[in-house]
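Here is what each chain is made of, one letter per residue.
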Amino acid sequence: MEKKFDTKAVHFQKGDGEKNKSKTKPIYQTSSFAFQDLEDMESYFTGGKDHLYTRYSNPNTDDLGNGTARLEGAPAGVATSSGMSAILAGILTAVSPGEHMIVPLDLYGGTYQLFQQELQEWGFQVSVVDFTDKEALEAAVKEDTRLLYAESVTNPLLRRENIGELNRIAEKHDLTLMIDNTFPSPYFLQPYAEGADLVIHSATKYIGGHSDVSAGVLVGTGELIAKAKKRIINIGANLSPFEAWLACRGLKTLSVRMARQGGNAAELAGWFQKHTSAAAVYYPQNLSEKGNGAMVSVDLGEAYDVNTFFQSLDWIKIVPTLAGVETTVSYPLNTSHRAIPDTIRQKLGITAGTVRISVGIEDKDDIIAAFAAALEQAAR
Ligand SMILES: *Cc1c(COP(=O)(O)O)cnc(C)c1O
């Protein structure tokens, strides 16, 4: 019987029959694997041996790719050195230079820069379209369009992308659909099951979960992932064994962390709506049956001074990342969305008052009390 999500998140690492039977998977901190003789080495190429050289594959990195794929319901996955390299590997798998792809306005800033600065320079054609207008999106499809790229939940205003609708457009025009599923993690959403061909995660975020690792994962169809693995080997975008091991350790607690962080986030979003003068509170509705994610964004508007708010946060750190077990805040305007032109930022609603909150596993009363105290200080 296929195991349930919470069980699969814990039991995904492949045993290797080693003699000492350690309870946890050892770290294969090695650049290469050794062989008995020429015949033994040849067996790697004929399928008898799994590993040759760590840039090609390694037991720890394989675990992260395969374990995440299983949670997404995808047949295959591969780990990479960062979320950005997972995105690059996916794109190089689905699109060739000269061909065209369509990406949304409300993209993670780093991804926006990859499309605008690197890929266009290498000859890829990129159209940036407002994905809330699906007619405009479909109108942007050209003869040489190969890829639709989107984020399942956008950053920082937490818009839930309509993946079913994107899948319909992708199927109609024979496009590859690639989704960045970092924000909800596979716990809340599984875009592969909704029709995406490729799904990427910045495992630096919820999969790692402890802000101590930079890693990425790309999952998808067997055919696409086989091609992606070749790309990753050739460009050297592999993940180190230790980083993979840390990310695997994170993956084992994904379910309990997300359940707790999602519950705290719902409480905090409700509190901001009811008890503060914030101009807007962004928190998804009906994201999944398990909850609405662990990110909350607020626009403090005119009622509060943002800098005083940041200065008054006590134990809540200001960091340009998200998804750790600690509650943290970030300021999209001059970090994640620094690279986004002003006009686009305004159109999206990212203002000088926008604060993004990554809700942690602490006691919800302490989280709310810390924000309440900071807002009291910051009130104009
Ligand atoms: C952080 C992030 C990335 C990039 O991941 P890295 O691990 O920093 O390379 C991509 N997409 C989203 C949505 C992110 O939050």
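Residues numbered from 1 in each chain as written. Predicted model: local features only at pLDDT ≥ 70, side-chain atom pairs only at ≥ 80, totals over all residues. Heavy atoms only, no water.

1. Section: the UniProt feature "modified residue: N6-(pyridoxal phosphate)lysine" (unreviewed entry) in the chain
Item 1. Mapped onto the present numbering, the UniProt feature "modified residue: N6-(pyridoxal phosphate)lysine" (unreviewed entry) falls at Lys205.
Item 2. The residue Lys205 is located in the loop between strand 6 (198–202) and strand 7 (216–220) in this model.
Item 3. Filtering out sequence-adjacent residues up to four positions away, Lys205 remains in contact with Thr182, Thr321, Leu322 and Ala323. (UniProt positions renumbered as here; feature names shortened; annotations may be inferred. Helix = DSSP H or I, 4+ residues; strand = E, 2+ residues; numbered from the N terminus. Contact = heavy atoms within 4.5 Å.)

2. What about the site of the ligand?
Item 1. The immediate surroundings of the ligand are formed by Ser82, Gly83, Met84, Tyr108, Asp180, Thr182, Phe183, Ser202, Thr204, Lys205, Ala215 and Leu322.
Item 2. Between the ligand and the protein, one listed contact pairs an oxygen atom with a side-chain N or O atom of Thr204 at 2.6 Å.
Item 3. Protein chains shield 91% of the accessible area of the ligand, which is 380 Å² for the free molecule.
Item 4. Considering only residue class, the shell around the ligand consists of 5 nonpolar, 5 polar and 2 charged. (Near = heavy atom within 4 Å. Polar contact = N/O pair within 3.5 Å; in protein donor to acceptor, adjacent residues only side chain to side chain. Areas by Shrake-Rupley, 256 points an atom, 1.4 Å probe, with all protein chains shown as cover. Nonpolar A, V, L, I, M, F, W, Y, C, P; charged D, E, K, R; others polar.)

3. Considerations on the sheet that holds strand 1 (residues 76–80)
Item 1. The sheet built from 7 strands is open, its strands ordered 1-7-6-5-4-2-3 with mixed pairing. Of all the strands in the sheet, the pair left with one neighbour each is strand 1 and strand 3 (125–129). With direction set aside, neighbouring strand axes in the sheet form an average angle of 20°.
Item 2. Where strand 2 (residues 100–104) meets strand 3, 5 bridges bridge the pair, whose relative direction is parallel. By the bridge assignment for strand 3, Ile102 is matched with Ser127.
Item 3. Those strands touched by helix 7 (residues 163–172) are strand 4 (145–151) and strand 5 (176–180), and its axis lies near 155° from that of strand 5. (Pairing = 2+ DSSP bridges. Axes fitted to C-alpha atoms, helices over the stretch in contact; angles between N-to-C directions.)

4. Some details on the sheet that holds strand 12 (residues 354–358)
Item 1. Spatial ordering of the open sheet is given by 8-9-12-11-10, a layout of 5 strands whose pairing is mixed. The sheet is open, and its two edges are formed by strand 8 (280–282) and strand 10 (317–318), each paired on a single side.
Item 2. Sheet strands touched by helix 11 (residues 254–275): strand 8, strand 9 (295–299) and strand 12. Its angle to strand 9, the strand with the most contacts, is close to 15°.

5. Examining the packing of aromatic side chains
Item 1. Tallied over the full model, the rule gives 11 aromatic pairs.
Item 2. Centroid distance Tyr187 to Phe188: 4.9 Å. Interplanar angle 85°. Geometry classified as edge-to-face. For the pair Tyr187 and Phe188, a shared accessibility class is recorded, and that class is buried.
Item 3. Taking 6.3 Å as the distance between ring centres and 15° as the angle between the ring planes, the aromatic pair formed by Phe242 and Trp245 counts as stacked. (Phe/Tyr/Trp six-rings, centres within 6.5 Å; stacked < 30°, edge-to-face > 60°. Buried < 20%, exposed > 50% of the residue type's maximum accessible area, 1.4 Å probe, protein only.)

6. Quick look at unusual backbone geometry
Item 1. With an omega dihedral of 5°, the bond running from Asn155 to Pro156 counts as a cis peptide bond.
Item 2. At Ser211, a residue that is not glycine, the phi angle is positive and equals roughly 55°.
Item 3. Among the structural elements, Ser211 can be located in the loop between strand 6 and strand 7.
Item 4. Overall, the relative accessible area of 46% leaves Ser211 in the partly exposed class.

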